[in-house]
Amino acid sequence: GDSVTQMEGPVTLSEEAFLTINCTYTATGYPSLFWYVQYPGEGLQLLLKATKADDKGSNKGFEATYRKETTSFHLEKGSVQVSDSAVYFCALKNNQGGKLIFGQGTELSVKP
Amino acid sequence: SQTIHQWPATLVQPVGSPLSLECTVEGTSNPNLYWYRQAAGRGLQLLFYSVGIGQISSEVPQNLSASRPQDRQFILSSKKLLLSDSGFYLCAWSEVTLNQPQHFGDGTRLSIL
């Protein structure tokens, strides 16, 4: 079945460092891909999305490119801030009832 | 614009007591609706989803049930709570169009004593 695999956390970075959180997927057909962010004690917020191969999603300085050849959707940010500390979830959506398949989440901690 | 409301934000219940968590969506019609549980350690587990009034699909066998009495109302219930029902419960909605994302409520932190 469909699945999403994220890099293990926690990831600890200093402020202004470059961020990469790896995400790879297994799916039939052509899924849509998403990154969500969850701040402590809150629900999930949609961060960005891509609906077809080579699409680049971007928001708040974060970017991810839908790479069908490597089945990947890695999240990147050029300069992280302390306020980016959160848990990040990669997810895919296939044409099966609209359900999202989530990765296990990656915790990011940014130190001043 | 669309909004999703989930309540209560926090709930402490004794073992064996009933449960009712409510979720409502505004600003859209005929959304798909979802209930998730997030146990300690971050992973999200889909519990139920609904594509219309009275239509509920259960993803995992458990002590909980869901109902959709109105188009934009989704209720999570239990007749008798277990200790293992503790967790963070999240409601979400999405448009029925294939590529649309899900949008989440703020969650309910449920503690069973």
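Up top is the structure.
Another point: the state of the cysteines. For the coordinates displayed, the defined rule picks out two disulfides over all chains. The disulfide partner of A:Cys23 is A:Cys90, and the gap between their sulfur atoms is 2.0 Å. Across the disulfide from A:Cys23 to A:Cys90, rotation about the S-S bond amounts to roughly -70 degrees, and the bridge is consequently left-handed. Separated by 67 residues along the polypeptide, A:Cys23 in strand β4 (residues 23–26) and A:Cys90 in strand β10 (residues 86–93) bring together distant segments of the chain. For A:Cys90, a relative accessible area of 1% translates into the label buried. A disulfide bridge connects B:Cys23 with B:Cys91, and the sulfur atoms are separated by 2.0 Å. Its S-S torsion of approximately -80 degrees makes the covalent link between B:Cys23 and B:Cys91 left-handed.

To continue, consider the sheet that holds strand β8 (residues 73–78) of chain B. Residues and elements named next belong to chain B. The strand order β1-β3-β8-β7 describes an open sheet built from four strands, whose pairing is antiparallel. Unpaired on one side and paired on the other, β1 (3–7) and β7 (65–70) mark the two borders of the sheet. The mean inter-strand angle of the sheet, taken between neighbouring strand axes irrespective of direction, is 20 degrees. Where strand β3 (residues 19–26) and β8 come together, six bridges link them in antiparallel fashion. Pairing of Leu-21 across the sheet is with Leu-76, part of β8.

The next thing to look at is the sheet that holds strand β9 (residues 75–77) of chain A. All names here are of chain A. Strand order in this open sheet of four strands is β3-β9-β8-β7, and the pairing throughout is antiparallel. Where the open sheet ends on each side, the last strands, each with one partner, are β3 (19–21) and β7 (56–59). Between one strand and the next, the sheet's axes are offset by a mean angle of 15 degrees, whatever the strand orientation. Relative to strand β8 (residues 62–65), β7 is paired through four bridges, and the arrangement is antiparallel. Looking across to β8, one finds that Ser-58 is bridged to Glu-63.

Calculation notes
Residues numbered from 1 in each chain as written. Chains lettered and ligands numbered in written order. Predicted model: local features only at pLDDT ≥ 70, side-chain atom pairs only at ≥ 80, totals over all residues. Heavy atoms only, no water. Disulfide = S-S within 2.5 Å. Helix = DSSP H or I, 4+ residues; strand = E, 2+ residues; numbered from the N terminus. Buried < 20%, exposed > 50% of the residue type's maximum accessible area, 1.4 Å probe, protein only. Pairing = 2+ DSSP bridges. Axes fitted to C-alpha atoms, helices over the stretch in contact; angles between N-to-C directions.

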